[in-house]
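Architecture and fold: a report
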Amino acid sequence: MGGSGVDPARVAALKEREDAAFVAARPRSQALWTAGQEVMPNGVPMSWLRTSYDHPPLFIESATGAHLHDVDGHDYADFNIADMSMFTGYGPAPVVEAVSRQVRLGSQYLLPTEDSIWVAGELARRYGLPLWQFTLAATSANTEVIRIARASTGREKVLFFDGKYHGHFDDVLVELEDGHLVPEEDGLPHDVTTRTLVVPFNDLGALDRALATREVAVVITEPALTNNVGLLLPDHGFHEALRELTRRTGTLLAYDETHTQVVGPGGLTRRWGLASDFVTVGKSIAAGIPLGAYGMSGEAAAVLQRSGGRDDDKPQVAVGGTLFGNPVSMAAARAAMSEVLTDDAYAHSQRLGTRLADGLSQVVAASGLGWTTHRFWPRSGVSFSPAMPRTATEALATFDVPLRRLMRVYLANRGVWDAIVGAGPTCSVAATHEDVDAYLAAFADLIGELV
């Protein structure tokens, strides 16, 4: 048996069968993929669209509510929701109307609009930090937070927790391998590991030792790690100790709520009453229209303030971009937060997440498998272990990638688009009880075939 308690040979046999069925039922996607390889590496406009899944890429024609519709006429209840960026559901009417109106008025001015004040104010209300800036993605928001932190502290290094995901830029693409820091992917500077520290999540001793040198400008972390290794929840008292250690060592603290913001207005920052110098968000706050944002305390923002404008003799921090804060993104965010991502909508998604977790628990219990179901408000899922992991090392020990890959293609063949490997299924605000039931039915069929 594999680390998950499931026969690897059975997993491999089912995977071969399901892969063949997936390809056979999608001739139009296959034809488009072939055409795409003539003009794009891997046949797709971004390499992740080939490597995020083990099966061939799926070409989409449209999406509505919580459902995707592919070019071969298949419909999917979507629990990946574009890796959290479509938590609003597809085509929410208020956003469609606001974006359409703004495009008619002008999609870009390189000048501010009134919507930006409203959006910044609403983010301040939700997350408790007073001052906000905008980018086009959370990756850029995290990049700018690091630059501001370096300018504020005069320090160079950044600290992350093992198992993290904070975007695709040099400083964050470093990981622990056998206790050593190594570049996570190819194409990075040879000295990328010299500016970054990575310690295990929930290991306060390792964190204390790393910060004691007083070389770290900022710690960036999700309040709960959610993306690469499943779900890692903080130990009791972890965040209080993290805040105390960062303050004592003059280190700034940033919470990345890009994925965890789906738990409710204000994300885990509000839900858990967390205190930080920065918060970064992105993905769903503009219903999939490109937008990232970061909030700051007044002290952290001081290095950006330039009362003399261009003539201010203060050194300028390297932030900004031509399309940052554009009027379309601002209009989309205002409509999404005011009319779609409401308290009632979050509550609906949380009820569905509980229904999904309850159903997964029942299926697992009936199967006799020693798995654990996690509950993270609208997001649920299973860990192939009898208890939730506390660190990335623990999570990876029972991760069973072949089984994860089988689960997603098996569910896809039954009209359910599951989360990417490493995440867990999430109920968007547009999802329904019928969508959850479809997920549970497909999951139960898979477990039945496995055991």
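Structure: see above.
Presented here is an overview of the structure given in this document. (Residues numbered from 1 in each chain as written. Predicted model: local features only at pLDDT ≥ 70, side-chain atom pairs only at ≥ 80, totals over all residues. Heavy atoms only, no water.)

1. Here's the deal with the sheet that holds strand 10 (residues 252–256)
Read across the open sheet, the seven strands follow the order 4-12-11-10-9-5-8; overall the sheet is mixed. The sheet terminates laterally at strand 4 (131–135) and strand 8 (196–199), the two strands that pair on one side only. Pairwise comparison of adjacent strand axes, ignoring direction, gives a mean angle of 20° for this sheet. Pairing between strand 9 (residues 216–221) and strand 10: four bridges, direction parallel. Bridging from a neighbouring strand, Val218 pairs with Leu252 of strand 10. Contacting strand 5 (157–161), strand 9 and strand 10, helix 8 (residues 238–248) runs over the sheet at an angle of about 145° to strand 10. (Pairing = 2+ DSSP bridges. Helix = DSSP H or I, 4+ residues; strand = E, 2+ residues; numbered from the N terminus. Axes fitted to C-alpha atoms, helices over the stretch in contact; angles between N-to-C directions. Contact = heavy atoms within 4.5 Å.)

2. Things to note about the pairing of strand 12 (residues 292–296)
Both faces of the sheet carry side chains from a regular strand, because those side chains alternate between them. The element strand 12 is extensively covered by neighbouring structure, given that five of its five residues are classed as buried. Because side chains alternate across strand 12, one face comprises the buried residues Gly292, Tyr294 and Met296, and the other comprises Ala293 and Gly295, equally buried. Strand direction decides the pairing type here: strand 4 and strand 12, joined by five bridges, are antiparallel. By the bridge assignment, Leu131 is partnered in strand 12 with Met296. Direction of pairing for strand 11 (residues 278–281) relative to strand 12: antiparallel, over a ladder of four bridges. (Buried < 20%, exposed > 50% of the residue type's maximum accessible area, 1.4 Å probe, protein only.)

3. Comments concerning helix 7 (residues 204–211)
All of the buried residues in helix 7 are Ala206, Leu207, Ala210 and Leu211. The buried residues of helix 7 occupy one face: seen down the axis, they fall within an arc of 125°. For helix 7, the secondary structure elements touched by its buried residues are strand 5, strand 8, strand 9 and helix 8. If you check the start of helix 7, you find a side-chain oxygen 3.3 Å away from the backbone N of Gly205, and it comes from Asp203. (Arc of directions from axis to C-beta. Polar contact = N/O pair within 3.5 Å; in protein donor to acceptor, adjacent residues only side chain to side chain.)

4. Considerations on the side chain of Thr260
Tracing the chain through its elements places Thr260 in the loop between strand 10 and helix 9 (267–271). A polar atom in the side chain of Thr260 sits 2.4 Å from the side chain of Glu257. For Thr260, the contacting residues outside a window of four places in its chain are Glu222, Pro223, Ala224, Thr226, Gly267, Leu268 and Phe376.

5. Concerning the nonpolar core
The biggest cluster of nonpolar side chains holds 68 residues, and the ones touching the most others in it are Leu123, Trp132, Leu159 and Phe161. Here this core takes eight residues from helix 11 (residues 327–340), the largest share from any one element. Setting aside residues up to four positions removed in sequence, Trp132 forms contacts with Ala120, Leu123, Ala124, Tyr127, Val279, Val281, Ala293, Tyr294, Gly295 and Met296. (Core = buried A, V, L, I, M, F, W, Y, C linked by side-chain atoms within 4.5 Å.)

Any functional reading would require information beyond the geometric quantities listed.
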